[in-house]
Amino acid sequence: MQLSLLAIALNGLCAPLLWRILPRQALWLLALVPAGCFAWFVSVIPLVAGGEVLTSSVAWVPLLDVTFTLRLDGLALLFALLITGIGALIVLYSGGYLSGHPHLGRFYAYLLIFMLGMLGLVLADDMMVMFVFWELTSISSYLLISFENTRPEARRAALQALLITAGGGLALLAGFVLLGIAGQNWQFSGLDAAVVQGSTLFPWIMALVLIGCFTKSAQVPFHIWLPNAMNAPTPVSAYLHSATMVKAGIYLLARLNPTLGGGVTWSSILIGIGALTALVGAVLAIRQYDLKRMLAYTTVTVLGQLTMLIGTNTNYGLQAFVLYLVAHSLYKGALFMAIGAVDHATGTRDLRRLGGLFAVMPFTGVAVGLAAFSNAGLPPFFGFIAKEFKYSGLIELGAIGWAVTIVMILTNALLFAAAGLIFIRAFLGRRPQYPTAPHEVSPFMWLGALLLAIGGLGLGIWNHWPEAWLVNTAVLAISTGPVDVHLYLWGGITPAVIASVLTMALGVLFYLQADRVRWLANQLDRFWRVSGDILWDGFLVRVFQLAGAVAGNFQHGSLRAHVALLATVLSLSMLGGLWLIQAPLLPAEPLTPLTLPGIVGALLALGGAAGAALKSGRLALVASLAASGLGLALFYLSVSAPDVALTQLMVETLTVVFLAVVLRRMPGLPSVASGSGRNRRWQAIAACTVGVAVTLMIMATVSQPLPGNIADWLIDNSLPGGHGMNVVNVILVDFRALDTLGETLVVALAALATSTLLGAGQAADVRPKGLPEFGSVLLRQGMRPLAGIMLAVSLMILWRGHNYPGGGFIGGLVAATGFALLILTFGRGIQRGLGRVPPTLIIALGVACAGGAGLGAILLGEPYMTSQWVAPFGVKLGTPLLFDLGVFLTVFGSVAHMLRNLVGRAS
Amino acid sequence: MNLLLILPILLPLTTLMLCLLARRRLAWVTLISLVGSTLLLITGLWLVWFAAQGNVLSGQMGSWQAPYGISLVIDRLSAAMVAISGVIGLGTLVYMHRQPMASEFLRDAHLFVHGLLTGICGAFITADIFNLYVWFEVLLMGSFALISLGGGQRRLAGAMTYLVLNLLATLLFLLAAGLVYGASGTLNMGELALIFRSGEATTSATLGVTLMLLAFSIKGALFPVFGWLPASYHVAWVPVSALFAGLLTKVGVYALIRLVTLLWPTPGLAHDILLWVACATMLVGVLGAAAQTEIRRILSFHIVSQVGYMVLGLALATPLALAGAVFYLIHHIIVKANLFFIGGLASRLTGSERLAGMGGLYAARPLLAVLFAIPALSLAGIPPLSGFWAKLILIRASLEAGFGWAAFIALLTGAITVLSMSKIWNEAFLKPHPNGDQAVQADNGPRSAWLVAAVLALMTVLLGFGAGPAMEYAWQASLQLTEASAYLQLPAKEGAP
Amino acid sequence: MEWVAAVTAGSMAGLGIWMMLDQHLIRVVLGITVFSNAVNLGVLAAGRHVGEAPAFIAPGVDAAALVNPLPQALVLTAIVIGFALFVFALSILKRTYELHGKNDTDQVTAVVEQPAPDGQENGVEQGGTLDVDERDPSAGERE
């Protein structure tokens, strides 16, 4: 079994290649594999008929209890025979039908992959494996329907089929998962009906599984995709939409009947929907002039009837199901192929333009004739037996059965009429003018149809053969109890026979009055239109409208709206959190006393920020921002954070310089608060709430004492472990050196990014004489020594930093400030002074120093960044100092690089 | 082992430095960069192999013991994330090769990709909150540089939005880190986990963590704060947007997963909120995608919706659901990056990014059609590709946990994903090109780009057929996440000297 | 001092957000700085600044009286990072002004939502040059 799947898969994947290499022989070679599989399945018929079940199993995803289990019982075997047998014929047929098509290889691949999906679907015992194949059929049928991709209708039809069947597939997936959970088993064969039906999940399972099956099998109201799918090339229609794909849902219903069936709900849904589908399909079929569409709608009818038969769950009903399934596959496959041949030969398949073809297309004609008889349910064809059992099965049900039987008689009569129309109108009678001269098609194209049609006749006449070998075991697999199957053509005068006679009489009437019937059906035109495609289109439009509305809320292209949303979410969640946890907001007693410098600093910081928010001139903006930064530095100083204060001071200086350089080129801001008033008010509220939330969060945090002993440990270990008196610096270069490494990397990347953004090469050309604003001679004279002093100081700060305020960051920033002044004043000249060392080199060296400082430890078998110290001549030297040097270089190089880029002009 | 632990950070850092030194010569830069990222990939695979045997690498930087110094921990999830970063990093760099882009930009792109990778890998392996912040900044800076790469009005405008919103998120993270330290007295994730798991966490610590989760949610593009993502990804240079689509939001998701599993191993209020957020993210993201008419915009919105799935797994908090989140993470990174790569190829060939202006690829480039179909079907959750298993495990987990409505939303999202993937397929591939099929470029462009797409597609297929072992790895990783013994032992670990 | 720090940080954060909501990119960029300063202050405040002396170990200094050095180190790191990001934001601002010729946030960011231009290699876009009238008005520069 696994081999058969593998062979077909390989066959499909190799098809395009094979077709390219051997365009003539490919046809035979490709048909050989399904034919071989068919032969194998035939060879195991005796085994399976003897009651044996073949299984094979390979583990796939143990975590989800998914095993690749295949199980060949009577039902699976029946389907497998149809799939591979008709499949082989279809491969041959499509070779004729599409001969010369530029993408025939692709077509074969899709067709064979579809065959793989279908075969796997019926063989799989594991629910998930079955689902895998189920979706494979959806996808490959999508590809097949859209095969003629240049036609918009084909694309639309394919999409429709995909969405309906894949959407149903998702429901089915949920149903399977629930079924597995409820049944504690993921194999169909391991499911216990009592356990499943006793579960609280049972209604859900049933609903979801039914949606899955109904979408796939085109039951009302999901039937709309099937006729549209007739846009596919005819071989596809013959295969997918008669014998296989649409039967997948039917198969699953049958497969799950022992597990889910037996109850009244199950039966009534199946019978109800099935009967409705059958009726709708039949009425729609009789309206058609296009033969292919007519066949499509009769397929819908048959699918409805099959669904209904499973729902009966009676002895005869299930037997009729199996018989009808086989009969329909045979005659519908034959009819589709034959219609394709007619289309191919005459260039039309419009019933009104056809006629008298029998003489020119004898083989096709015989095939159509035989198939149509079977379709019409005339004895001794297999279709007749199926129909007899159908009536018997329904009548067994009692009163409801009678009601449904009447519907059935009606639909069967319509089918009868349709069969008559197809055969008599197209093949007999007068021969009209055709678009192309009609001729008999190649043997490839009539052989399949003829074989299938003869099969329908043969099975009917020698009906003991299918009874013994196929039907019995298949029915056993579906039913809940033992069933005895005995087929017959003539069982005496039974109600079923009477119904049959009635059907034929009615059918003849319908045929003779076809135009009148059509007219009647057209009276309900509005109903047909509403029920079908229009609803679908409206549905899609709705979906896209909804999607557009949703997307519009987030795709306004306004930065401010994004920020406002963020601020709102932020403040709401924080205030909500505060309210939820009811945190105390004020410490029991003030932790640190108020100090004057602290308060001044805070006020200055706030005032500066407010100025930056409200002022409009460029100068005022820069000054406000600077004031704010200075205030912060003052505050840091007042709370014993000299290193932070120094850093803030240097950063603020550089910020101001950079701002000045950039804003120099830009106009001022026209007004303070612009935008529509209403928006602005909301934004103000959002901003205020954020402010309140942040304040409260900090208050809530400091209202309780700081847990942990990290501060004490750091202070205690700074000198003995880190060899430094400045704890902050020791943290930066030793205790948490990895943070600092990352930080230098950020600075370096920012510098490089600035250069990339502002056009690298050109920006490096600072104007030769510095900025005009710095043009004063006096300034120039004073600047040189000042910058020199700053550079010297920066080195000192770097060196002393381990013990006193300072360190690599601050040193680097001081040096960079000095350098900034030099560049602004003297321009490019100063670069020569620096010996043409490109800043990128300094950056690279710096990162190398910082990153490499910790590498030695690894060589010594210690974790990265473990510090190593030596003390030559009483001077303590250690890797943290090297690290700090790296930081210094990186910061210096980066800031210098940034400055050059910002000062430079756009190319 | 000390070396192996730090290699995910050191390798890209060193590569970056060497690239910087070799800056003048594009050929050298390319060589160094490719070698560096290959080594990173090898390291990642080595780590996965190591972690798959149940080992957890951990160490104290600078030998300073745990709550005081910085800890790094590599468990199964971290190892997998490093490996996948290596894959996508290498893929992006190879894809970039010989792309039509000015050589100075190409050169810098290599540099910044490695900067980005340093930050990403750092974020994946650190066990310290402030250190995580620093790595976030590194990757953010790298991403800023990359997103504006190539210039142009649109790109710059996108960069602006991206910059402001991401900066805001990172600053919130910083504030949160400060608050968490102030409320719990530690920055070490292990100790924090101990405090939270023993129920000793103060209310304000919880609040700080909440703020942190919000920051991660912005980074991870969760509803309703994902706005920055669809506003910027589609304007970036193709390889850049692929890299971002694959890796960037996933760092936020990773951080969410890490923190939530560490602090709240059993379901609680946080999980309930996350569940709602996850469902809203899935639905809004996928609807947003359905409304788009440009290939990369569709894909961008799908990132959002897919992130929802991962968070769904996190929110359900059962081991199976977490395993699903982990598997989803890995699967999604490969698939999403690949879709962007292929989208780039497609729009290059057709000369348009708008679906209306595309077409004819089905006939002209069947190979591209196959390459697109694989990740697209995987994204839509079609079996047996990786996305199917990822979705299946989450749906099963939510049904087992009794959240049928969450499963329903996940399935509905899947259905709409099918719709929008088939929309791309219909428009870009099936439909004839609006200017006739001759309008499809004859030149396929650099072969390396195709190679990358093919390899990633192959990985998707392998991950689907080999879902067994991959799922097992994810399962073990999820057990490890909630158990977190490596993290919980951190504070007790003594430093060397 | 705690509440002073908290209120200052909170108010600055609010102001920062308010500035980011401004119509002008310049103020948005400044808003980033203000907000990041607020956050830095908040981190320092949350880590407590209890203690009489800066964290310097010197002979004779009582270790218990020293201030908590950790938040200081964190804030120092954050300040430098913030600066780097600010500079990048500034260069984005500069470049934006050069390319777009305007500083109105919404007008600039709305460009993102325009349909993608066709026929473009995904490399460097055209339009990286300044129009003549947008050049620096100061004449002295070209000497």
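Each value, and the rule that gives it
Residues numbered from 1 in each chain as written. Chains lettered and ligands numbered in written order. Predicted model: local features only at pLDDT ≥ 70, side-chain atom pairs only at ≥ 80, totals over all residues. Heavy atoms only, no water. Helix = DSSP H or I, 4+ residues; strand = E, 2+ residues; numbered from the N terminus. Rg over C-alpha atoms; globule rule 2.2 N^0.38 Å. Buried < 20%, exposed > 50% of the residue type's maximum accessible area, 1.4 Å probe, protein only. Contact = heavy atoms within 4.5 Å. Lys, Arg positive; Asp, Glu negative; His and termini not counted. Charge placed at Lys NZ, Arg CZ, Asp CG, Glu CD. Areas by Shrake-Rupley, 256 points an atom, 1.4 Å probe, with all protein chains shown as cover. Buried area = accessible area lost by both parts, 1.4 Å probe. Salt bridge = Lys/Arg side-chain N within 4 Å of Asp/Glu carboxyl O. Polar contact = N/O pair within 3.5 Å; in protein donor to acceptor, adjacent residues only side chain to side chain. Nonpolar A, V, L, I, M, F, W, Y, C, P; charged D, E, K, R; others polar. Axes fitted to C-alpha atoms, helices over the stretch in contact; angles between N-to-C directions. Parallel < 35°, antiparallel > 145°, perpendicular 65-115°, else oblique. Core = buried A, V, L, I, M, F, W, Y, C linked by side-chain atoms within 4.5 Å. Expected span 1.5 Å × (residues − 1). Bend = angle between axes of the 7 residues up to and from the residue. Phe/Tyr/Trp six-rings, centres within 6.5 Å; stacked < 30°, edge-to-face > 60°. Lys NZ or Arg CZ within 6 Å of the ring centre and 35° of its normal. Pairing = 2+ DSSP bridges. 1 Å grid on protein atoms, 1.4 Å probe; cavity = no way out; pocket = protein on both sides within 12 Å on 5 of 7 lines; lining within 4 Å. Points joined across faces, edges and corners; volume = space filled by probe spheres on them. pLDDT = per-residue confidence, 0-100. Disulfide = S-S within 2.5 Å.

1. So, the overall build of chain A
For step 1, the next point in the chain: The number of helices and strands found in chain A is 38 helices and four strands.
For step 2, the next point in the chain: What you see for chain A is a C-alpha radius of gyration of 42 Å, clearly larger than the 29 Å of a compact globule of 907 residues, by over 25%.
For step 3, the next point in the chain: Dimensions of chain A along its principal axes, counting C-alpha atoms only, are 120 × 60 × 60 Å.
For step 4, the next point in the chain: Burial statistics for chain A: of 907 residues in total, 62% are counted as buried.
For step 5, the next point in the chain: Taking the contacts inside chain A whose residues are at least 6 apart along the sequence as the reference set, 79% of them involve residues at least 24 apart.
For step 6, the next point in the chain: Within chain A, one finds 47 positive and 33 negative side-chain charges whose respective centroids are separated by 18 Å.

2. Quick word on the overall build of chain B
For step 1, the next point in the chain: Broken down by element type, chain B carries 19 helices and two strands.
For step 2, the next point in the chain: Against the globule reference of 23 Å for 497 residues, chain B gives a C-alpha radius of gyration of 21 Å, in line with a compact fold.
For step 3, the next point in the chain: If you line up chain B on its principal axes, its C-alpha atoms span 70 × 55 × 40 Å.
For step 4, the next point in the chain: Long-range pairs, those at least 24 residues apart, make up 81% of the contacts in chain B between residues at least 6 apart in sequence.
For step 5, the next point in the chain: Total accessible area computed for chain B in this model is approximately 11,400 Å², and 67% of it derives from carbon and sulfur atoms.
For step 6, the next point in the chain: Side chains of chain B carry 24 positive and 17 negative charges; the gap between the two charge centres is 12 Å.

3. Description of the interface of chain C and chain A
For step 1, the next point in the chain: Taken together, the 88 residues of chain C in the interface contact 112 residues of chain A.
For step 2, the next point in the chain: When the two sides are added together, the surface that chain C and chain A hide from each other amounts to roughly 8,900 Å², 73% of it contributed by carbon and sulfur.
For step 3, the next point in the chain: Counting the surface chain C buries against chain A, the share from its top three residues, C:Met1, C:Trp18 and C:Leu21, is 9%.
For step 4, the next point in the chain: Inspection of the region where chain C meets chain A yields zero salt bridges.
For step 5, the next point in the chain: At the surface where chain C touches chain A, the tally comes to 16 residue pairs in polar contact (both at pLDDT 80 or more).
For step 6, the next point in the chain: Per-class residue counts for the side of chain C that touches chain A are 52 nonpolar, 22 polar and 14 charged.

4. Things to note about the packing of helix α5 (residues 129-147) of chain B against helix α3 (residues 69-100) of chain C
For step 1, the next point in the chain: At their nearest, the axes of α5(B) and α3(C) sit 11 Å apart, and the two run at 10° to each other. The angle between α5(B) and α3(C) falls in the class roughly parallel. Residues B:Phe130, B:Tyr133, B:Val134, B:Glu137, B:Met141, B:Phe144 and B:Ala145 of α5(B) pack against C:Leu74, C:Thr77, C:Ala78, C:Ile81, C:Leu85 and C:Phe88 of α3(C).

5. Side note on the pattern of salt bridges
For step 1, the next point in the chain: Taken as a whole and judged by the stated rule, the model has 21 salt bridges over all chains.
For step 2, the next point in the chain: Across the pair C:Glu113 and B:Arg297 runs a salt bridge whose closest N-O atoms are separated by 2.8 Å. With C:Glu113 in the segment after α4 (105-109) and B:Arg297 in helix α11 (residues 295-316), this pair bridges two chains.
For step 3, the next point in the chain: The class for C:Glu113 is buried, based on a relative accessible area of 19%.

6. Topic: the interface of chain A and chain B
For step 1, the next point in the chain: Taken together, the contact between chain A and chain B spans 102 residues of the former and 114 residues of the latter.
For step 2, the next point in the chain: Residue B:Arg396 is joined to A:Asp65 by a salt bridge in which the shortest nitrogen-to-oxygen separation is 3.1 Å.
For step 3, the next point in the chain: There are 17 residue pairs in polar contact (both at pLDDT 80 or more) connecting chain A and chain B.
For step 4, the next point in the chain: Among the elements that take part in the side of chain A that touches chain B, helix α31 (residues 737-757) of chain A stands out by supplying 14 residues, more than any other.
For step 5, the next point in the chain: Split into classes, the residues belonging to the side of chain A that touches chain B amount to 71 nonpolar, 22 polar and nine charged.

7. Structural notes on the nonpolar core
For step 1, the next point in the chain: Grouped together as the largest cluster of nonpolar side chains are 623 residues, with contacts concentrated most on A:Phe176, A:Tyr636, A:Phe658 and B:Trp389.
For step 2, the next point in the chain: When residues in this core are grouped by element, the largest group, 22 residues, is from helix α6 (residues 153-184) of chain B.
For step 3, the next point in the chain: Once residues lying within four places of it in the same chain are set aside, the contact partners of A:Phe176 are A:Met127, A:Met128, A:Met130, A:Phe131, A:Trp186, A:Phe188, A:Leu252 and A:Leu256.
For step 4, the next point in the chain: Listed in part, the twelve residues of the second largest apolar core include A:Ile271, A:Ala278, A:Leu394 and A:Ile409.

8. Description of helix α20 (residues 464-478) of chain A
Residues and elements named next belong to chain A.
For step 1, the next point in the chain: With 15 residues, α20 should reach 21 Å at 1.5 Å per residue; the first-to-last C-alpha distance of 20 Å fits that figure.
For step 2, the next point in the chain: Approximately 40° is the largest bend angle found in α20, and it occurs at Leu470.
For step 3, the next point in the chain: Of all the positions in α20, only Pro466, Glu467, Leu470, Val471, Thr473, Ala474, Val475, Ala477 and Ile478 are classed as buried.
For step 4, the next point in the chain: Among the structural elements, α3 (45-49), α4 (74-97), α12 (245-260), α15 (315-346), α17 (382-395) and α19 (443-461) are those in contact with the buried residues of α20.

9. Focus on the packing of aromatic side chains
For step 1, the next point in the chain: If you walk through the whole model with that rule in mind, you get 49 aromatic pairs over all chains.
For step 2, the next point in the chain: With a centroid separation of 6.3 Å and an interplanar angle of 55°, the aromatic rings of A:Phe373 and A:Phe423 are classed as tilted. Taken together, the residues A:Phe373 in helix α16 (residues 362-376) and A:Phe423 in helix α18 (residues 399-427) connect sequence positions 50 residues apart.
For step 3, the next point in the chain: Assessed through its relative accessible area of 36%, A:Phe373 is described here as partly exposed.
For step 4, the next point in the chain: Seen from their ring centres, B:Phe130 and B:Tyr133 are 5.3 Å apart, and the 45° between their planes marks the pair as tilted. Placement of both B:Phe130 and B:Tyr133 in helix α5 is noted, with a separation of three residues, approximately one turn of the helix. Grouping residues by exposure puts B:Phe130 and B:Tyr133 together as buried.
For step 5, the next point in the chain: Among the aromatic residues, ring-to-ring pairing joins A:Trp60, A:Phe68, A:Phe131, A:Phe133, B:Phe388 and B:Trp389 into one connected group.
For step 6, the next point in the chain: A:Arg106 extends its terminal NZ or CZ atom over the ring of B:Tyr362, reaching a point 4.5 Å from the ring centre.

10. Describing the pairing of strand β1 (residues 54-61) of chain A
Residue and element names in this part refer to chain A.
For step 1, the next point in the chain: One ladder, built from seven bridges, connects β1 with strand β2 (residues 66-72); its direction is antiparallel. Directly across from Ser57, in β2, lies its bridge partner Thr69.
For step 2, the next point in the chain: The hairpin formed by β1 and β2 contains four residues between the paired strands, and Asp65 there has a positive phi angle of roughly 55°.

11. Re the layout of surface pockets
For step 1, the next point in the chain: What the second largest pocket holds in volume is close to 1,200 Å³.
For step 2, the next point in the chain: Taken together, 45 residues form the lining of the second largest pocket, with A:Gly167, A:Ala171, B:Phe408, B:Leu412 and B:Ala415 sitting closest to its centre.
For step 3, the next point in the chain: When contributions to the lining of the second largest pocket are tallied by element, the ones reaching two or more residues are α7 (152-183), α9 (202-216) and α23 (525-554) of chain A together with α10 (269-290) and α16 (404-430) of chain B.

12. Quick look at the packing of helix α11 (residues 234-243) of chain A against α12(A)
Residues and elements named next belong to chain A.
For step 1, the next point in the chain: Following both chains from N to C, one finds α11 and α12 inclined at 15°, their axes separated by 4 Å at the closest point. As judged from the angle between their axes, α11 and α12 are roughly parallel. Side by side, α11 and α12 meet where Tyr239, Leu240, His241, Ser242 and Ala243 of the first sit next to Met245, Val246 and Lys247 of the second.
For step 2, the next point in the chain: Here the contact of α11 with α12 is composed, by residue class, of five nonpolar, two polar and one charged.

13. Here we look at unusual backbone geometry
With the exception of glycine, most residues fall at negative phi, and the peptide bonds are largely trans.
For step 1, the next point in the chain: Here the bond from A:Val220 into A:Pro221 is cis, since omega is 5°, no more than 30 degrees from zero.
For step 2, the next point in the chain: One can find A:Pro221 in the loop between α9 and α10 (225-228).
For step 3, the next point in the chain: Between B:Phe223 and the following residue, B:Pro224, the backbone shows a cis peptide bond with an omega angle of -5°.
For step 4, the next point in the chain: Take B:Pro224: it is sitting in the loop between α8 (203-220) and α9 (238-263).

14. Quick notes on the confidence of the model for chain B
For step 1, the next point in the chain: When pLDDT is averaged along chain B, the result is 91, and 99% of the positions lie at 70 or above.
For step 2, the next point in the chain: Reported confidences for the modelled complex are a pTM of 0.93 and an ipTM of 0.93.

15. Concerning the side chain of B:Thr118
For step 1, the next point in the chain: Summarising the element assignment, B:Thr118 is placed in helix α4 (residues 103-125).
For step 2, the next point in the chain: Given a relative accessible area of 0%, B:Thr118 falls into the buried group.
For step 3, the next point in the chain: Contacts of B:Thr118, omitting those with residues within four sequence positions, involve A:Leu745, B:Ile9, B:Pro12, B:Leu13, B:Trp135 and B:Val138.

16. Some remarks on the state of the cysteines
For step 1, the next point in the chain: Counted according to the given criterion, the structure contains zero disulfides over all chains.
For step 2, the next point in the chain: Sulfur of A:Cys849: no disulfide; nearest cysteine sulfur belongs to B:Cys19 and is 19 Å away.
For step 3, the next point in the chain: Looking at B:Cys121, it has no disulfide partner, and the nearest cysteine sulfur is the one in B:Cys19, 15 Å off.
For step 4, the next point in the chain: On the accessibility criterion, B:Cys121 (0% relative accessible area) is buried.

17. Remarks on the confidence of the model for chain A
Residue and element names in this part refer to chain A.
For step 1, the next point in the chain: Per-residue pLDDT for chain A averages 84, and the proportion of residues at 70 or more is 93%.
For step 2, the next point in the chain: Taken element by element, the predicted model of chain A shows its lowest mean pLDDT in helix α32 (residues 760-763) (45) and its highest in α9 (93).
For step 3, the next point in the chain: For the stretch residues 760-768, pLDDT sits under 50, and the model shows 25 contacts to residues farther than four places along the chain or on other chains.

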